[in-house]
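Understanding the architecture of this molecule
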Amino acid sequence: MKRKNADHEANQSLMSRRALVVGGLQFVLVGGLAARMRHLQINEADQFRTLAEENRIKFKLIPPARGEVFDRNGVQLAQNVPNYQIKMVREDTRDVEAVIARLSQIIDLDEETIERAVALIKRSAPFHPITITDNVTWEDISRVSVNAPALPGVTPEVGLSRVYPLGSDFAHILGYVGPVSDYDMKRIDDPDPLLRIPRFQIGKVGVEAKEEIRLRGSAGSKQVEVNAAGREMRELGRREGKPGANIQLTIDSKLQNYLQARLDGESASAVVIDCETGDLVAIGSAPTYDPNLFVSGISVADYRELTENKFRPLASKAVQGTYPPGSIFKMITAMAALEDGIIGPDDTVRCNGHLEVADRKFHCWKRSGHGSVDLKNSLKRSCDVYYYDLALKVGIEKISTMANVFGLGVRHNVEMSAVARGLTPTKAWKKRVHDKDWVIGDTVNASIGQGDMLASPLQLAVMTARLATGREVTPRLVKSVDGIEQASDAGTPLKVDQNNLKKMRQAMFAVVNDRGGTANKSRITIDKMRMAGKTGTSQVRNISAAERRTGVVRNEDLPWERRDHALFVDFAPADNPKYAVAVIVEHGGGGSTAAAPIARDITLQALYDGPPPLEAYPSKDRGRIRSQQKRLAKMRPMAKTRDDDKA
Amino acid sequence: MSYLEYTVKSTPTGLRKILFLNWPLTVLLSSVACVGFLMLYSVAGGSFKPWAEPQMKRFAVGLVLMVAIGMTPIWFWRSIALFCYGITVILLIAVDLFGEEGKGAQRWIDLGFMRLQPSELMKITLVMFLAAYYDWLPPEKKSRPLWVLLPIAIILLPTALVIQQPALGTSLLLVMAGGGIMFLAGVHWAYFAAVITSGVGLIVTVFQSRETSWQLLNNYQYRRIDTFIDPSADPLGAGYHITQSKIALGSGGWTGRGFMQGPQSRLNFLPEKHTDFIFTTLAEEFGFVGGISLLAIYLLVIFFCIASALANRDRFSSLLILGIALNFFLFFSVNMAMVMGLIPVVGVPLPLVSYGGSAMLVLMLAFGLVQSAHVHRPR
């Protein structure tokens, strides 16, 4: 008991000591509070009292200038132009309706503008400056300034508005900016005070949205003294913001302009990728639209026209659209088989025009068959049976894995909206999504890029670049940010046998350059620029047995939506690949007739960095090409220029 | 060692207990509350409605409650400490599930006659339970790892529930008060050093990782922290209120502008002028003299509590009093520091002055426990 008591005493005195430590600490902190109070109330009292009594101080947010966007050669793609605005602060105006009525006598304001402004003013915080109208003339600004005493709370200001000088050419890549909506606020969960400025503009789609944070910069603020009418008397303090970063893309605006012009009139898309660096030199999608329309708010009629167009102008098909790759996929099937060693490049398969698998007949596009074909011949003439045979031996899993190696079924990291992942089906996928077992017919369909197989033009271009170089080419769209070069690398060598790749490339060369190759008509005739490629025609409908008996209906006789997609991929020059190109013409018919000529023109334009010499074309095409070149040279993107406004 | 082992020479009984209450403390608390009534009358533009009158009624109820609790033997409160803690945790879980969300996200349960915020109650029951724990625990065990982890868990369970609400300010106060009691109970200082060091280390690491490849938080989370730490980065949001508050405070000067003479128009910018920002009005109208006087009363409250705790030989009583005093201190110092722009804005009211039922009743309840410990101290 005694020992216990001693313990207790020791414990009690420890607690007392600790209590004194905590108590002492509390005294010190209270002393700190008192000192702070003294500092605010005694030392700085005069300053605060002046501020409180004579004038009021206000904080103003200084919105940063949004970063501008350039192409790889420094051509401006998105810029900020000064824009005169008339703003109003509710707490300075007091009687909003009366002041607006007075304002509308001085400058021209239509009913809709007034209504919108009044609604916005009532909804926003009293101290936020609200833009009543923008894009006003200098005369209006001076008139408002002269009448300032009658217009409390109204101030003319210079803002910046976004303009896309190359308009429609870059709509699909850059996207556009627009005012922050409630939906955006929920979606982005960003505490940036700039977003609370009424009608602050942020990127909505494309590079503008994906690079929003870097382009936006950060707000500065200034503390100003204002008089009773809200006019600035004196600046008390300023805190600089940071302007948004300038972004340079890998796109070449000249080639982009050509590509859009060349695709014009079709529902088509194309991608040009630099095989050495992975730089995306052009990404086109047609039809397109003028992003400038969206900046100031698009009219309902214009918007309806865009959404109801069956060619879907708002979709960036080059990265968002996914299509069955058709015969283009044969390269992947062949690579899977060659890598697996089940067939050599010179081994032949006999094509009778069809292959019977599990009681079902799978037809070759050529009913009479191709006879005995090896790798090169099968690809050159695009024999289907050869690939059915390979696929049955190698199996879907290995084919699907090989497709992933070449960048299909993989979402590439490109700063555009809704970049598609595509689809490379596997047994597990079908079980999971469709809850059905994989059947052998699925493998047969997949071997020629039909069935569930889906790829975007971007993915096909990457695939072609990887076939051409044997390296893991990775696409890149942003070249530099504020002058700092972004990471790019040539890519590590693919984990496949380089000899097999060489055979593939030879076969692709034959497709274009050998007589009897499916793309022979679209060859390049200058030796050092020769291209290698592959055509693809993907069905969007099933051909029934009955139709086969009576003869397959010709594409031209079908309604547009049911015609085949035309595809083509190529790389050039064949012996030292510089560019890889993928073209898809939606419902364009055959790959060799609809897609290959477009791809060749784009490839040549890229290789020559401008219109190519006519010698590059087979002699009988030259006349037609000359007039085509003349016509395309005149095509300029649709963009609202500043002159249009004044007109 | 518990109360019953002492030789109790004379414990007041019956109504005589009233004479043995800690009267100086009662007077101090009442004067703080009066300052509150005065300020609420002023912010309402010279009217008892809508704030001063209900506040007075609540204080009257609180005063009765305090005396009633004060006359109940302290060993009764000790014996139900675990029960109180458990009930509050259950209430916290209940509000997380079904509670109504007020502005500012503190959640309450509507009891009909008042709205109860279990997170406020938690501040007291946590202190009670920890004090009972250290009273029960043999002193030689208090620094053993297992017996240190247990109270940490006791603190973190309600903290986690409160963070869910989300009330960051309240949860930080819970951790600080709980940690304070562990320190007072004599847990080895190395534990505190370790926790503080690793906390600082963690914060430094999080900030070091910013804009590197191993960045730990999202960009927008960093920016949210930026605005939290430096409100002037958001001059139209959080920074706006702080600046207005500083102007009102600073313009008070030595003696202030006089009762009800503060430019209320300016204070109309403050959304919480009758609750969290009420000190601004006081400092504006009564100046430095008024502000420092309130601070002095608060300090005296703390002083009387510590004195009462040191004179009390019962371990539970001392710890309980010290813990409640610490809580009270955290309340007013955090509120004042926030209003004066020293720390970020967290929703903590000024004790007994800010308008609000839960906070006031819970505080009076707590001081009832202090009174009970005082009346029933071993003599």
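Residues numbered from 1 in each chain as written. Chains lettered and ligands numbered in written order. Predicted model: local features only at pLDDT ≥ 70, side-chain atom pairs only at ≥ 80, totals over all residues.

Secondary structure summary: chain A contains 26 helices and 21 strands in total. Of all 647 residues assigned to chain A, the portion counted as buried reaches 44%. Put simply, 74% of the contacts in chain A that link residues at least 6 apart link residues at least 24 apart. (Helix = DSSP H or I, 4+ residues; strand = E, 2+ residues; numbered from the N terminus. Buried ≥ 20, exposed ≤ 12 C-beta atoms within 10 Å, placed from the backbone. Contact = placed C-beta atoms within 7 Å.)

A separate point is the interface of chain A and chain B. Contact residues are listed per partner, giving 40 residues for chain A and 51 residues for chain B. Contributions of two or more residues to the side of chain A that touches chain B are made by α1 (2–43), α2 (45–53) and β1 (56–62) of chain A. If you tally residues by element for the side of chain A that touches chain B, the top one is α1(A), at 22 residues. Within the side of chain A that touches chain B, the residues separate by chemical class into 21 nonpolar, 8 polar and 11 charged. (Nonpolar A, V, L, I, M, F, W, Y, C, P; charged D, E, K, R; others polar.)

Okay, the sheet that holds strand β20 (residues 565–572) of chain A next. Residue and element names in this part refer to chain A. As summarised here, the arrangement of the 5 strands in space is β12-β11-β21-β20-β19, forming an open sheet in which the pairing is antiparallel. On the outer flanks of this sheet lie β12 (280–286) and β19 (532–538), each paired with one strand and no other. Strand-to-strand twist in this sheet, taken as the mean axis angle between neighbours without regard to direction, amounts to 5°. Where strand β11 (residues 268–274) lies against β12, 6 bridges are found, and the strand directions are antiparallel. For A268, the partnering residue across the bridge sits in β12 and is A286. (Pairing = 2+ DSSP bridges. Axes fitted to C-alpha atoms, helices over the stretch in contact; angles between N-to-C directions.)

All names here are of chain A. Of the consecutive residues A286 and P287, the connecting peptide bond is found in the cis state with omega at -5°. You can see P287 is positioned in the loop between β12 and α12 (292–295). Residue P573 is reached from A572 by a cis peptide bond, and omega for that bond is -10°. Residue S382 is not a glycine yet carries a positive backbone phi of 55°. Within the fold, S382 resides in the loop between α16 (375–380) and α17 (384–394).

With that settled, the discussion passes to the confidence of the model for chain B. Residue and element names in this part refer to chain B. The predicted model of chain B averages 83 in pLDDT, with 86% of residues at 70 or higher. In this model, residues 1–5 is a region of pLDDT below 50 whose contacts with residues beyond four sequence positions or in other chains number 6 contacts. Listed scores for the predicted complex are pTM 0.67 and ipTM 0.87. (pLDDT = per-residue confidence, 0-100.)

The subject of this paragraph is the pairing of strand β3 (residues 76–89) of chain A. Residues and elements named next belong to chain A. Bridge analysis of strand β2 (residues 69–70) against β3 gives 2 bridges, and the strand direction is antiparallel. By the bridge assignment for β3, F70 is matched with Q76. Linkage of β2 to β3, two consecutive antiparallel strands, is achieved through a turn of 5 residues, within which G74 is found at a positive phi near 90°. Examined bridge by bridge, β3 and strand β5 (residues 154–163) share 10 bridges and lie antiparallel to one another. Within β5, the residue paired with I86 across the bridge is P156.

Before going further, it helps to examine helix α4 (residues 96–106) of chain A. All names here are of chain A. Every buried residue of α4 is accounted for by V99, I100 and L103. In an axial view of α4, the angular spread of the buried residues amounts to 100°, which keeps them on one side of the axis. Residues of α4 that are exposed and angled more than 90 degrees away from the buried face: E97, A98, A101 and Q105. (Arc of directions from axis to C-beta.)

A word on the environment of A:V349. All names here are of chain A. Along the chain, V349 falls in strand β13 (residues 349–351). Taking the C-alpha atoms as reference points, V349 and L375, 26 residues apart in sequence, are found 9.0 Å from one another. Each residue touching V349, except ones within four places of it in the same chain, is listed here: V373, V385, Y386 and D389.

Once that is clear, we can look at the environment of A:F571. All names here are of chain A. Inspection of the secondary structure puts F571 in strand β20. The class of F571 is buried, set by 27 C-beta atoms lying within 10 Å. Placed 42 residues apart in sequence, F571 and M529 show a C-alpha to C-alpha distance of 9.9 Å. Ignoring anything within four residues of it in the chain, the contact list for F571 reads C275, T464, A465, A468, M531, A532, P577, Y579 and A580.

What follows covers the nonpolar core. As a rule of thumb, soluble globular proteins bury nonpolar side chains together. Ranked by size, the top nonpolar core spans 121 residues in total, and within it A:A270, A:V272, A:I273, A:A461, A:V581, A:V583 and A:A595 carry the most contacts. Beyond its immediate stretch of four places on either side in the chain, A:V272 contacts A:L255, A:V281, A:A282, A:Y579, A:V581, A:I602 and A:A606. The next biggest cluster of nonpolar side chains, apart from the first, holds 108 residues, and it includes B:V43, B:V127, B:A132 and B:A373. (Core = buried A, V, L, I, M, F, W, Y, C linked by C-beta atoms within 7 Å.)

This part is about the packing of helix α11 (residues 253–263) of chain A against helix α24 (residues 591–608) of chain A. All names here are of chain A. Viewed as axis vectors pointing N to C, α11 and α24 meet at an angle of 165°, and their least axial separation amounts to 10 Å. Considering their axes alone, α11 and α24 lie roughly antiparallel with respect to each other. Taken as a pair, α11 and α24 cross one another with a handedness that is right-handed. Of α24, the residues touching α11 (which contributes L255, Y258, L259, R262 and L263) are I598, D601, I602, Q605 and A606. Tallied by class, residues from the contact of α11 with α24 come to 7 nonpolar, 1 polar and 2 charged. (Parallel < 35°, antiparallel > 145°, perpendicular 65-115°, else oblique. Left-handed = near helix turned anticlockwise from the far one by under 90°.)

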